[in-house]
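Listed below, chain by chain, are the residues.
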Amino acid sequence: MKILYYTWFENSQEDMVEALLYLGHSIIKCNIPFEDYEQDANAMEQLSRVIRQYGCDAVFSFNFFPVIARTAESLQVKYISWIYDCPHWTLRSPAVRCACNYIFVFDEMQFLTLEQLKLPHLYRFPLAVNTTKLCEILGTPQAGNAGQMDDDISFVGSLYENNRYDKIQYLPEYLRGYLQGIMQAQELVYGYNFVAELLCDDVMKQLEDLVLMDLPEGYLISKKELYAAMLNEKITSRDRIRFLNLLSEHNSLSLYSASDPKWVAGANYKGTVAYRQEMPKVFRRSKINLNITLRSIQSGIPLRALDIMGAGGFLLSNYQPELAEQFVDGKELVLFASAEELLDKVGYYLSHEEERCEIAYQGFWKVQSLFSYEIRVKQMLDLVEAG
């Protein structure tokens, strides 16, 4: 298949291109800036010209771009999009109904919401990691061999301290208290997200009067979902800052982030790391790697979790339904569902190296066998060709 790969310089572009080439497909890469994701006549014309010039059979992108969908529909070529943002609002564009679309969504709750739209080619489909490249960089993990360890506990990611909720200039005391109550309740629960359910009509009316939250006309989405996403982002920030501060009080915690280090004063702040070369080394050389999932990913396996295990690192993650479904807790990874459980398991696994190494080893081989790019991309394109 000859595929036009549309890149927005995402972290996974090289991994995807390598997998497509390995599987025998021809790739033409392009990046055409969009002035408007919905309607951009100039960008559509440029895309059309490239597709026709190279005789492309399909267009691929990570995440969904309505402009590409409309272009592909006009030329009757397939548009394959693999979604790794959640929420991803352009999936609610009217263009999502184009018959040319083949949409692959990693989060089951996002999938079930989209399924109600009766889309022609929609698939629940986990994300992937380039285990081949990671083994080239780090070497294949060896059973019982921890290797060099630079960090006791590591967290790589944003603290979301610049979230939209904290930018709101004014909320009445009652409304702010009600929203704080929702967030505090959700913080106690993993595996089920009830934020949207608790945004009653009266609260919604007040929010709409005070907080502007708009998308382009025709988007198939409710205002309640937008406000819930805002709160989930704030909850994620609270989760991460709270857990990391708890751990740093009595442990050596390394924070790899662009966020302001003042939020976790007890951490060893180490700045950012490059996704493809530096980040896997952090995962391999940390005794414990934390994953604290963005709350809007309600059920799915976040890419960070696969990145950690794919690098041969030990993963300690908050409970996620699909992580528990695909991996064995205590054998291939370790899950926690409360601050108390997190602290207990950190203490246990820091002092039980043999168990920790075996879990990291088993987690790597599960990812290698089920979530490598070569395997996932072949499955994806088989579904496209069958559809």
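Residues numbered from 1 in each chain as written. Predicted model: local features only at pLDDT ≥ 70, side-chain atom pairs only at ≥ 80, totals over all residues. Heavy atoms only, no water.

## Quick notes on the overall build of the protein chain
Scanning the protein chain from terminus to terminus reveals 14 helices and 12 strands. Taking 2.2 N^0.38 as the reference for a compact globule, 387 residues should give roughly 21 Å; the C-alpha atoms of the protein chain span a radius of gyration of 22 Å, in line with that estimate. Once the C-alpha set of the protein chain is aligned to its principal axes, its extents read approximately 60 × 55 × 35 Å. Of all 387 residues assigned to the protein chain, the portion counted as buried reaches 55%. Within the protein chain, counting contacts between residues at least 6 apart in sequence, those at least 24 apart form 65% of the total. Accessible surface, the protein chain as shown: approximately 16,600 Å² in total, 50% of it carbon and sulfur. (Helix = DSSP H or I, 4+ residues; strand = E, 2+ residues; numbered from the N terminus. Rg over C-alpha atoms; globule rule 2.2 N^0.38 Å. Buried < 20%, exposed > 50% of the residue type's maximum accessible area, 1.4 Å probe, protein only. Contact = heavy atoms within 4.5 Å. Areas by Shrake-Rupley, 256 points an atom, 1.4 Å probe, with all protein chains shown as cover.)

## Focus: the packing of aromatic side chains
Enumeration over the complete set of coordinates arrives at 24 aromatic pairs. When the centroid spacing of 6.3 Å and the interplanar angle of 75° are considered together, the rings of Tyr361 and Trp365 count as edge-to-face. In this pair, Tyr361 and Trp365 both sit in helix α13 (residues 353–370), four residues apart, roughly one turn of the helix. Linked through ring pairs, Tyr5, Trp8, Phe60, Phe62, Trp82, Tyr84, Phe104, Tyr123, Phe125 and Tyr373 together constitute an aromatic cluster. When the ring centre of Tyr190 is taken as origin, the NZ or CZ atom of Arg295, which lies over that ring, is 4.0 Å away. One residue, Arg376, lies across the ring of Phe125, its end atom 5.3 Å from the ring centre. (Phe/Tyr/Trp six-rings, centres within 6.5 Å; stacked < 30°, edge-to-face > 60°. Lys NZ or Arg CZ within 6 Å of the ring centre and 35° of its normal.)

## So, the side chain of Ser286
Assignment of secondary structure puts Ser286 in strand β10 (residues 286–291). Its relative accessible area of 2% is what places Ser286 among the buried residues. Engagement of the side chain of Ser286 in a polar contact is seen with the side chain of Ser154, the distance being 2.6 Å. A distance of 2.7 Å separates the side chain of Ser286 from the backbone oxygen of Val282, its partner in a polar contact. (Polar contact = N/O pair within 3.5 Å; in protein donor to acceptor, adjacent residues only side chain to side chain.)

## Structural notes on the pairing of strand β3 (residues 58–62)
Within β3, five of the five residues are buried, which leaves the element mostly enclosed by the surrounding structure. Residues of β3 alternate between two faces, with Ala58, Phe60 and Phe62 on one and Val59 and Ser61 on the opposite face, all of them buried. With three bridges connecting them, strand β1 (residues 2–6) and β3 associate as parallel partners. Note on β3: the bridge partner recorded for Ile3 is Ala58. In terms of strand pairing, β3 meets strand β4 (residues 78–83) through five bridges, oriented parallel. Directly across from Phe62, in β4, lies its bridge partner Trp82. Taken together, β3, helix α3 (residues 66–75) and β4 constitute a β-α-β crossover, and its handedness is right-handed. (Pairing = 2+ DSSP bridges. Right-handed = clockwise from strand over helix to strand, strands pointing away.)

## Considering the packing of helix α12 (residues 339–350) against α13
Closest axis-to-axis distance for the α12/α13 pair is 7 Å, and the angle between their directions is 105°. Looking at the two axes, α12 sits roughly perpendicular to α13. Here α12 contributes Tyr348, Tyr349 and Leu350 to the contact with α13, which in turn contributes Glu353, Glu355, Arg356 and Ile359. Considered class by class, the residues forming the contact of α12 with α13 number four nonpolar, no polar and three charged. (Axes fitted to C-alpha atoms, helices over the stretch in contact; angles between N-to-C directions. Parallel < 35°, antiparallel > 145°, perpendicular 65-115°, else oblique. Nonpolar A, V, L, I, M, F, W, Y, C, P; charged D, E, K, R; others polar.)

## Description of the nonpolar core
Ranked by size, the top nonpolar core spans 49 residues in total, and within it Met16, Phe60, Ile80, Trp82, Phe104, Leu306 and Phe327 carry the most contacts. Those residues within four positions of Phe327 in sequence are excluded, and the remaining contacts are Ile301, Leu306, Met309, Glu332, Leu333, Gly363, Lys366, Val367 and Phe371. (Core = buried A, V, L, I, M, F, W, Y, C linked by side-chain atoms within 4.5 Å.)

## A word on unusual backbone geometry
Peptide bonds are mostly trans, and most non-glycine residues show a negative phi. A cis geometry characterises the amide bond from Cys86 onward to Pro87, with omega recorded as 5°. Along the polypeptide, Pro87 turns up in the loop between β4 and β5 (101–105). The backbone of Lys118 shows a phi angle near 60°, a positive value even though the residue is not glycine. Structurally, the position occupied by Lys118 is in the loop between α4 (108–115) and β6 (122–124). Judged by relative accessible area, Lys118 falls into the exposed class, the value being 71%.

## Things to note about α4
Buried within α4 we find Gln110, Phe111 and Leu114. The buried residues of α4 occupy an angular sector of 100° when projected down its axis, which confines them to one face. Summarising the contacts, the buried residues of α4 are in contact with β4, β5 and β6. Between the side-chain oxygen of the N-cap and the backbone nitrogen of Met109 there are 3.1 Å, and the N-cap of α4 in question is Asp107. (Arc of directions from axis to C-beta.)

## So, the packing of helix α7 (residues 201–210) against helix α8 (residues 223–248)
Running from N to C, α7 and α8 cross one another at 80°; their axes reach a closest spacing of 11 Å. Our classification of the angle between α7 and α8 gives roughly perpendicular. Contacts from Met204, Leu207 and Glu208 of α7 reach α8 at Lys223, Lys224 and Tyr227. Of the residues assigned to the contact of α7 with α8, the class counts are three nonpolar, no polar and three charged.

## Topic: the pattern of salt bridges
The final tally for this structure, using the stated rule, is 25 salt bridges. Ionic pairing is found between Arg124 and Glu322, a salt bridge with its closest N-O pair at 3.1 Å. One end of the pair, Arg124, is in strand β6; the other, Glu322, is in helix α11 (residues 321–326), and 198 residues separate them in sequence. Overall, Arg124 belongs to the partly exposed group, its relative accessible area being 32%. Judged by its relative accessible area of 4%, Glu322 is buried. (Salt bridge = Lys/Arg side-chain N within 4 Å of Asp/Glu carboxyl O.)

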